[in-house]
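# Coordinates in review
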Amino acid sequence: MNSERGIDLSESTGPRPLDIMVAMGHIDPVERRFWARETSTDWWDRIVLQVWDESQWLRNFRMRKGTFLELCDLLSPALKRQDTRMRAALTIQKRVAIALWKLATPDSYRSVANQFGVGKSTVGVAVMHVAHAIVDLLLSKVVTLGDVQVIIDGFAAMGFPNCGGAIDGTHISILGPEHQGSQYINRKGYFSMVLQALVDHKGRFTNINVGWPGKVHDARVFKNSGLFRRLQQGVYFPDRKITVGDVEMPTVILGDPAYPLMPWLMKPYTGALDTEKELFNYRLSKCRMVVECAFGRLKGRWRSLLTRSDLSQKNIPIVIAACCVLHNLCESQGETFMVGWEVEANRLAADYAQPDTRAIRRSQRDALRIQEALKARFQTDQGNQ
């Protein structure tokens, strides 16, 4: 397998995503036992579970207690563990709580371990085991296209007809991998992994691809994804064409200028713009904003994505995918996104600015204008000699 390739982690119709990733070598074997240390568990058992109100749950776990308990039930088939005669395994609820706390904060493993009265290594194992369970049990159910007509109607209300989604990529900061590290250095100079996502009109992920090195351009990630192939073959969306003027238009997705213009992918005009092109760009940009907002909310809730991940190159895609599932669950359940989270996310994100392909293209256009101006000037100068 080409180590550069990303992995499509949604819309799976074949083997389970977890099986695929094991086969591809993208999951490290994980220690299966979760034992409590011989320390007090009063804080979790008697304070958090018994006393905390909804706002405390929301601030620390990014969801209300009811949603948390539903999530635990959904994950229980994968997280059930037998007790031994010596020690009791950590409860499912405590394992999920440890994982959510670690994903929601930039805290160290030691800090989270002290919070829950467990060993430092237990936190790492809990995070990965819960992330595996989320990907295995929930990804194909939660990160999915859903009712296309509802999505089309949603984008139409925002001003763009027959639109089935908005696409973009975002960089997740990582530690430099031991092998092929230079491939992961993006244009901003830090190590990263790319998450490509298609979102619906409400900013919920409908398709994700994660794992490409940060050096790889968004357009290349896209062209090598399963989403691109299915859109190209006309099988991703139901066949629903409309007529615009005298042109037949299929269901489209919206991208920024980094993406290729296709019959099923609309992107902004560049270069000199007249009023008609400006209006088109305004409509497209207004609808495409939902994907940028989705990435902002994803990272605002799950702030571990904003700090340089110390997970292995093989495990990072699992955690990113799990966070995408959790994002959709929170959005679908109407969980509040608190104002302070965006401020904190912006502060953390400032250390790892996103590569701006548009800025590069703007400079190229400026260079072309200068070139044209010089060409005209030289021609004038020649005539005056």
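This text goes with the structure placed above it.
A few points on the structure. Given the structure is predicted, the values throughout are model-derived calculations rather than measurements. (Residues numbered from 1 in each chain as written. Predicted model: local features only at pLDDT ≥ 70, side-chain atom pairs only at ≥ 80, totals over all residues. Heavy atoms only, no water.)

### A few points about the packing of aromatic side chains
A complete count under the given rule lists 24 aromatic pairs for this structure. Note on tryptophan 44 and tryptophan 57: the rings are 6.3 Å apart at their centroids and 65° apart in plane angle, and the pair reads as edge-to-face. Of this pair, tryptophan 44 sits in helix H2 (residues 42-48) while tryptophan 57 sits in helix H3 (residues 54-61), and the two are 13 residues apart along the sequence. Neither tryptophan 44 nor tryptophan 57 differs from the other in exposure class; each is buried. Cluster of aromatic residues (ring-pair linked, three or more members): Trp43, Trp44, Trp52, Trp57, Phe61, Phe68, Trp101 and Phe116. Seen from the ring of tryptophan 341, arginine 62 lies directly overhead, with NZ or CZ sitting 4.0 Å from the centre. (Phe/Tyr/Trp six-rings, centres within 6.5 Å; stacked < 30°, edge-to-face > 60°. Helix = DSSP H or I, 4+ residues; strand = E, 2+ residues; numbered from the N terminus. Buried < 20%, exposed > 50% of the residue type's maximum accessible area, 1.4 Å probe, protein only. Lys NZ or Arg CZ within 6 Å of the ring centre and 35° of its normal.)

### Some words on the pattern of salt bridges
What the rule picks out here adds up to 10 salt bridges. Close ionic contact of arginine 347 with glutamate 344 constitutes a salt bridge, the shortest N to O distance being 2.9 Å. Separated by three residues within a single helix, arginine 347 and glutamate 344 lie in helix H14 (residues 339-349), roughly one turn from each other. (Salt bridge = Lys/Arg side-chain N within 4 Å of Asp/Glu carboxyl O.)

### Quick look at the nonpolar core
Judged by nonpolar contacts, the single largest core of 98 residues is most densely connected at Phe61, Val96, Phe205, Phe222 and Trp302. For this core, the element with the highest residue contribution is helix H13 (residues 316-332), accounting for 12 residues. Beyond its immediate chain neighbours, meaning those up to four positions away, tryptophan 302 contacts Phe61, Arg62, Met63, Leu100, Leu103, Ala104, Cys323, Leu326, His327 and Cys330. (Core = buried A, V, L, I, M, F, W, Y, C linked by side-chain atoms within 4.5 Å. Contact = heavy atoms within 4.5 Å.)

### Quick look at helix H5 (residues 92-104)
For H5, built from 13 residues, the straight-helix expectation of 18 Å at 1.5 Å per residue is met to within 8% by its first-to-last C-alpha distance of 18 Å. Within the span of H5, buried status applies to Ile92, Lys94, Arg95, Val96, Ala97, Ile98, Ala99, Leu100, Trp101, Lys102, Leu103 and Ala104. (Expected span 1.5 Å × (residues − 1).)

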